[in-house]
Amino acid sequence: MKTHARAVVIGGGVVGVSTLYHLAKKGWTDVVLLERNELTSGSTWHAAGLLPLFNLSYSVGQIHKYSVRQYGELQEETGQDVGLRRVSNIRLASSKERMDEYLQYAGVAETIGVDVRQLTPKQVKEIWPLCNTDDLVGAIQHPDDGYVQPADLTQAFATGARQRGATIYRQTRVTAIGRTASGEWKVTTDKGEITCEHLISATGNFVQQTGQMLGLKIPVIPVEHQYIVTEAHPDILARKEQGLPEMGVLRDSNASWYMREERGGLLLGPYEKGAPACYINGPKPDAEFELFQEDLERLEPHIESAIYRVPAFGEVGVKQVYNGAICYTPDGSPIIGPAWDMPNLWLNEGHSFGITAAGGAGWQLAEWIVDGEPTIDMLGVDPRRYGDYATKSYLKVKNEEAYANVFVTHYPDEEREAGRPLRTAPCYDRLKDLGAVFGQKFGWERANWFAPEGVAQEDDWSFRRSRWFPHVKAEALNVAENVGILDMTAFAKCRISGPGALDFLRNLLANRLPRVGRIGLCHALNTRGGVHSEFTVVREASDSFYLVSAGAYQRLDHDWLKRHMPTDGSVRYDQMTNQNGVLVIAGPKARELMQRVSGADFSNEAFPWLTAQQIDVGLAPALACRVNFVGELGWELHHPIEYQNHIFDALWNAGQDLGLKPFGIRAMDMLRIEKSYRMVGTELSIEYAAYESGLDRFVHPNKGEFIGRDALVEWQQRGFDNAFATVEVHDVTDADALGNNPVYLDGELVGRATSGNYGPRTGKSLAMVMVRPDLAETGTELEMRILDRMHRITVLGESPFDPENTHLRA
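Residues numbered from 1 in each chain as written. Predicted model: local features only at pLDDT ≥ 70, side-chain atom pairs only at ≥ 80, totals over all residues. Heavy atoms only, no water.

Draft legend 1. Spotlight on the pairing of strand 28 (residues 634-640). With 6 of its 7 residues buried, strand 28 lies for the most part within the structure. With 7 bridges joining them, strand 25 (residues 580-586) and strand 28 adopt antiparallel strand pairing. Along strand 28, the bridge assignment pairs V584 with E636. Pairing of strand 27 (residues 620-625) with strand 28 involves 3 bridges; the strand directions are antiparallel. Bridge assignment links A624 to a residue of strand 28, and that residue is L637. (Buried < 20%, exposed > 50% of the residue type's maximum accessible area, 1.4 Å probe, protein only. Helix = DSSP H or I, 4+ residues; strand = E, 2+ residues; numbered from the N terminus. Pairing = 2+ DSSP bridges.)

Next up, the structure:
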């Protein structure tokens, strides 16, 4: 056994072997895989469809798209059959809401180059003659989709990896993981020790044992999954004898199951409620291929619905029922990327659809490890999207929920209830009493909107304008006409200070840093010139900076900061997210309200836009920052969290005659769209150059060296493929753009929406888009598909509402 390698992959399932293969394909031949038993796909599991619903995660859609293409290429490269069968994948819709989901999904698929076709019930019957189509609204089909044989695929990856110089050790169990004095990883096995620069964990069901050896709480716990294989059916056998094509993968989402042919019979895979989490502390050492006792009682509703939809399923006997472990995360997407606070540790875990994602996951992780960056936006699968709140107890309830919700309609405003409320700001009960309907981000409860008196305090989800639409519009208009209060305690917050802080941030951020007492919007670019993070920077002193970023990206943004900090002690990082609460006051009457609760001077002369001051609110201290995300006069009040209710009450009591009302995240989103305010993960991405996202005012190559500067300049010289624009969507009645909607010129795909919403101050349906640069000029007319309708769109100037920022500067 080798004693040193450039990289070591732990785990011999298809995900681990794919990672090894792609590292070798990138030219790293000194790479090793350690597998505790024999190479395996993950015991008895199979693939039933390779393409997911892309509206779950743009990252997942890109990964699966690559996997489908690559499996065919792998077969050609190695000469080894991977069992890829392109039999298509059909998703049935028996309700209008389900068809809306599929139409949104089809739009997303088109923007990343995946063919999706809309089917009538009659066409479904032609492709799947055993299917009962009486109550269907329609369906969609992936003609290029299908399934693959997991064991064959795993062996093909192994063959390809070995052919490229990689080494695989089977029957080799890892017993300990540590660090050497030089900082390399040291992996102890039952065959000896091996050191390496990079360590990759792809251990599947054994992930909790891996995490324990690493001292890392990895947010993955498996859930039991069952599927049923029937005896052969004469009609299916007759089709084979006649040389007819296999009917493909059938998904009845409303019934929560998939089905396909299997050896002349049928295979049914239900996703039932009540499936328990398992291996919470990891399996026993000898549990590699363990199966659990089947529980057919849990599957009864799915069996009944399967017989209704495909009567042939009830006409043959059951051959076998399988019940085994399948890995899950709280949102159902895998974790692929760097671990936090541990240099050169990489995770490729939590794959509930590992067979379908293995190719793309290994590809992007290898890009990340070898080149320092992935080539697609991986936010939807980044391990750092979870925080310390993801305890084992939390994972148990959330992963069971994720499993049970695989086939639910995934609305864009969907919020799931398990494990909530967990993290709450002190004003949570006050907001609840005012009618707040909450969602969550990074474990924090946030008010999405407020139900007025007489309206049920419950959410309503849709791909169209929902029942909450008029109430959210009213919240936004009250901000525009009077004054509103918004809880943004979930913001990620930290302080960067010390004698080296200025030089550190100058090198990290693309904008010039603000002067003492002022505020700047600053972006951290990756090494290729795309946008990794966005920070609001308040300069407290010459050597102290208070940084605020999106709450959902707390661990991601702060890990980025810490990875780039010098190691000489000249820079100090202080986590302040849990210490500071944030209340936002915004609207034309905000100044009058603040003057009533504080002795500070809030005039334009004394407190101009983009400045910050320490003030008192009532009796409590706060850092007042004249900045907000809605484009109105206002202040963010950052305060020690123990004072929050005192500050809230002071504001609330003083503002009633001014029309002070609470507003939520959805009203904020309406208002930010009208200002063309970008967000990380939509308009800002590593896939777009910072200039493509329209950040010219915030990115200054002439300020000196900073990460990504030279790459951005080179990108600019090569020419950009995209340009940011804000557009008006015409003739909208009940459905605004949601993001990822395709944009056309004369029928040709020329871009996609990144965000969309109704603008209450402009009275327009608006969207932000990335389009071909020659089409981003004001006045250009294009088309956009939203669900089942094509809309004319017109490019507007930057910030359709108040482009001169007179409201912010008032």
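Draft legend 2. Fine view of the packing of aromatic side chains. Counted according to the given criterion, the structure contains 22 aromatic pairs. When the centroid spacing of 5.3 Å and the interplanar angle of 20 degrees are considered together, the rings of F629 and Y677 count as stacked. You can see F629 sitting in the loop between strand 27 and strand 28 and its partner Y677 sitting in the loop between helix 17 (665-674) and helix 18 (709-718), a full 48 residues away along the chain. Put simply, the rings of Y258, Y271, Y328, Y403 and F407 touch in pairs and so form one group of aromatic residues. Over the ring of F801 we find R761, and its NZ or CZ is 3.9 Å from the ring centre. (Phe/Tyr/Trp six-rings, centres within 6.5 Å; stacked < 30°, edge-to-face > 60°. Lys NZ or Arg CZ within 6 Å of the ring centre and 35° of its normal.)

Draft legend 3. Structural view of the sheet that holds strand 19 (residues 483-487). Pairing is mixed across the open sheet formed by 6 strands, whose spatial order is 26-27-28-25-19-29. Edge strands, defined here as strands with exactly one partner in the open sheet, are strand 26 (612-617) and strand 29 (660-662). Neighbour-to-neighbour, the strand axes of the sheet open up by a mean angle of 30 degrees, direction not taken into account. On the sheet, helix 16 (residues 644-655) packs against strand 19, strand 25, strand 26, strand 27, strand 28 and strand 29 and is oriented at approximately 15 degrees with respect to strand 25. (Axes fitted to C-alpha atoms, helices over the stretch in contact; angles between N-to-C directions. Contact = heavy atoms within 4.5 Å.)

Draft legend 4. Inspection of the sheet that holds strand 20 (residues 492-497) at higher detail. Pairing in this open sheet of 5 strands is antiparallel, and the strands run 21-22-23-20-24 from one edge to the other. The two strands at the open ends of the sheet, each matched to only one other strand, are strand 21 (519-525) and strand 24 (572-575). Shown here is a sheet whose adjacent strand axes are inclined to one another by a mean of 30 degrees, direction ignored. Pairing of strand 21 with strand 22 (residues 531-541), which is carried by 7 bridges, proceeds in the antiparallel orientation. By the bridge assignment, L525 is partnered in strand 22 with V531.

Draft legend 5. Inspection of unusual backbone geometry at higher detail. Here the amide bond leading from R420 into P421 is cis, since omega sits at -5 degrees, within 30 degrees of zero. The topology assignment puts P421 in the loop between helix 10 (392-404) and helix 11 (428-433). In this structure, Q171 is a non-glycine residue whose phi angle is positive, near 50 degrees. Mapping Q171 onto the fold places it in the loop between strand 6 (167-169) and strand 7 (174-179). You will see that N805, though not glycine, has its phi angle at about 60 degrees, which is positive. Along the polypeptide, N805 turns up in the segment after strand 35 (789-796). Given a relative accessible area of 13%, N805 falls into the buried group.

Draft legend 6. Focus on the packing of helix 15 (residues 590-597) against helix 16. One can describe the packing of helix 15 onto helix 16 by two numbers: an axis separation of 9 Å at closest approach and a directional angle of 120 degrees. On the basis of their axis angle, the class for helix 15 and helix 16 is oblique. As for how helix 15 packs across helix 16, the hand of that crossing is right-handed. Residue-level contacts link L593, M594, R596 and V597 of helix 15 to A650, L651, A654 and G655 of helix 16. Looking at the contact of helix 15 with helix 16 residue by residue, the class counts come to 6 nonpolar, 1 polar and 1 charged. (Parallel < 35°, antiparallel > 145°, perpendicular 65-115°, else oblique. Left-handed = near helix turned anticlockwise from the far one by under 90°. Nonpolar A, V, L, I, M, F, W, Y, C, P; charged D, E, K, R; others polar.)

Draft legend 7. Up close: the pairing of strand 1 (residues 4-10). With 5 of its 7 residues buried, strand 1 lies for the most part within the structure. Judged from the 6 bridges that link them, strand 1 and strand 9 (residues 192-201) form a sheet pairing that is parallel. From the neighbouring strand, H4 faces strand 9, where its bridge partner is T195. Two elements, strand 1 and strand 2 (residues 31-34), share 4 bridges in a ladder whose sense is parallel. From the neighbouring strand, V8 faces strand 2, where its bridge partner is V32.

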